[in-house]
Amino acid sequence: MDKVKVSIVNRQKQIKVPTGIRMLIRRCCTAVLVNENFQGSAEVSVSFLDNEQIRQLNAEYRQKDAPTDVLSFPLGENGVYDVNPETGACLLGDIVISLPRALEQARMYGHTLNREIGFLTVHSMLHLLGYDHENGGLEQVRMREKEEQVLSVLGLRRDESYVTGQ
């Protein structure tokens, strides 16, 4: 893997993006590409939305009229991606994360916001690379194993990230 460009934009006003989250997202994107032996340079866009914004996208693109935690919009198929003519980088796609939902889920699951954002980013990056879990079965198991592999490398393993006493 050569270079990874991760563009991050905050499109919501409810929650201040915590210090270090942008760097964490960049590390997660890079770690997935390294783990998958991705060849060449890549570009990814990540946006923070609020629950209403992500609900609208979920309704429009998945016909599910409810907020969700994260959505992935891959730009490639079967390992073939559009290429940025200026940089030669593969355009992997867009990730949108509901920051309020991520905070809510971190509290619900008893772990840090970093762990939740890390998980959502890794999960979405795998979607951008063609992995899917919607049909369950072996595909879902394989995707979950890859998620935990990458999160473990980043120090965000599930069993080590739980917050106790809160």
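Residues numbered from 1 in each chain as written. Predicted model: local features only at pLDDT ≥ 70, side-chain atom pairs only at ≥ 80, totals over all residues. Heavy atoms only, no water.

*Asks:* Hey, could you go over the overall build of the chain for me, with residue numbers and the actual values?
*Replies:* A tally of regular secondary structure across the chain gives five helices and five strands. Radius of gyration (C-alpha) of the chain: 15 Å, near the 15 Å computed for a compact globule of 166 residues. Each of the three principal axes of the chain carries a C-alpha extent, and together these read 50 × 35 × 35 Å. Expressed as a percentage of its 166 residues, the buried residues of the chain come to 45%. Of the contacts made within the chain by residues no fewer than 6 positions apart, 68% connect residues no fewer than 24 positions apart. (Helix = DSSP H or I, 4+ residues; strand = E, 2+ residues; numbered from the N terminus. Rg over C-alpha atoms; globule rule 2.2 N^0.38 Å. Buried < 20%, exposed > 50% of the residue type's maximum accessible area, 1.4 Å probe, protein only. Contact = heavy atoms within 4.5 Å.)

*Asks:* Residues and numbers for the confidence of the model for the chain, please.
*Replies:* With 93% of its residues at a pLDDT of 70 or more, the chain has an overall mean of 91. Between the elements of the chain, mean pLDDT differs from a low of 90, seen in helix α5 (residues 137-153), to a high of 98, seen in strand β2 (residues 42-49). (pLDDT = per-residue confidence, 0-100.)

*Asks:* Break down the environment of E36 for me, citing the residues and quoting the values.
*Replies:* Mapped onto the fold, E36 is located in the loop between α1 (21-35) and β2. Linking E36 and M108, residues 72 residues apart in sequence, is a C-alpha distance of 30 Å. If near-sequence neighbours (up to four positions away) are discounted, E36 is found in contact with L126, L129, Y131 and K146. Of the polar contacts made by the side chain of E36, one reaches the side chain of K146; its length is 3.1 Å. (Polar contact = N/O pair within 3.5 Å; in protein donor to acceptor, adjacent residues only side chain to side chain.)

*Asks:* How would you sum up α1? Please name residues and give values.
*Replies:* Between its terminal C-alpha atoms α1 stretches 21 Å, which fits the 21 Å expected from 15 residues at 1.5 Å a residue. Listed as buried for α1 are I21, L24, I25, C28, C29, A31, V32 and L33. On its buried face, α1 sits against β1 (4-10), β2, β5 (90-98), α4 (113-128) and α5. (Expected span 1.5 Å × (residues − 1).)

*Asks:* Lay out the nonpolar core with the relevant residues and their values.
*Replies:* Grouped together as the largest cluster of nonpolar side chains are 40 residues, with contacts concentrated most on I25, F48, L92, I97, I117 and M125. Elements with a contribution of two residues or more to this core: β1, α1, β2, β5, α3 (99-109), α4 and α5. (Core = buried A, V, L, I, M, F, W, Y, C linked by side-chain atoms within 4.5 Å.)

*Asks:* Talk me through unusual backbone geometry; I want residue IDs and the actual numbers.
*Replies:* Even without being a glycine, N37 presents a positive backbone phi close to 55°. By the secondary structure assignment, N37 is in the loop between α1 and β2. Its relative accessible area of 57% is what places N37 among the exposed residues. Of note, the phi angle at Q63 is positive, near 55°, even though the residue is not glycine. Secondary-structure assignment places Q63 in the loop between α2 (51-62) and β3 (70-74).

*Asks:* Any details on the pairing of β5? Residues and values, ideally.
*Replies:* Of all the nine residues making up β5, seven are buried; the element is thus mostly covered by neighbouring parts of the structure. Taken together, the eight bridges between β2 and β5 define a ladder with parallel strand orientation. Bridging across to β5, L49 finds its partner in S98. Two elements, β3 and β5, share five bridges in a ladder whose sense is antiparallel. Bridge pairing in β5 links S72 to I95. (Pairing = 2+ DSSP bridges.)

*Asks:* Outline the pattern of salt bridges, supporting the account with residue identities and numerical values.
*Replies:* Summed over the entire model, instances satisfying the criterion amount to five salt bridges. Measuring nitrogen to oxygen at the nearest pair gives 3.1 Å for the salt bridge that ties K146 to E36. With a gap of 110 residues between them, K146 in helix α5 and E36 in the loop between α1 and β2 connect regions that are remote in the sequence. Of the charged contacts, one joins E147 and R144 as a salt bridge, the two residues approaching to 3.3 Å between their closest N and O atoms. Separated by three residues within a single helix, E147 and R144 lie in helix α5, roughly one turn from each other. Sharing partners across several salt bridges, the network here consists of E52, R55 and D65. (Salt bridge = Lys/Arg side-chain N within 4 Å of Asp/Glu carboxyl O.)

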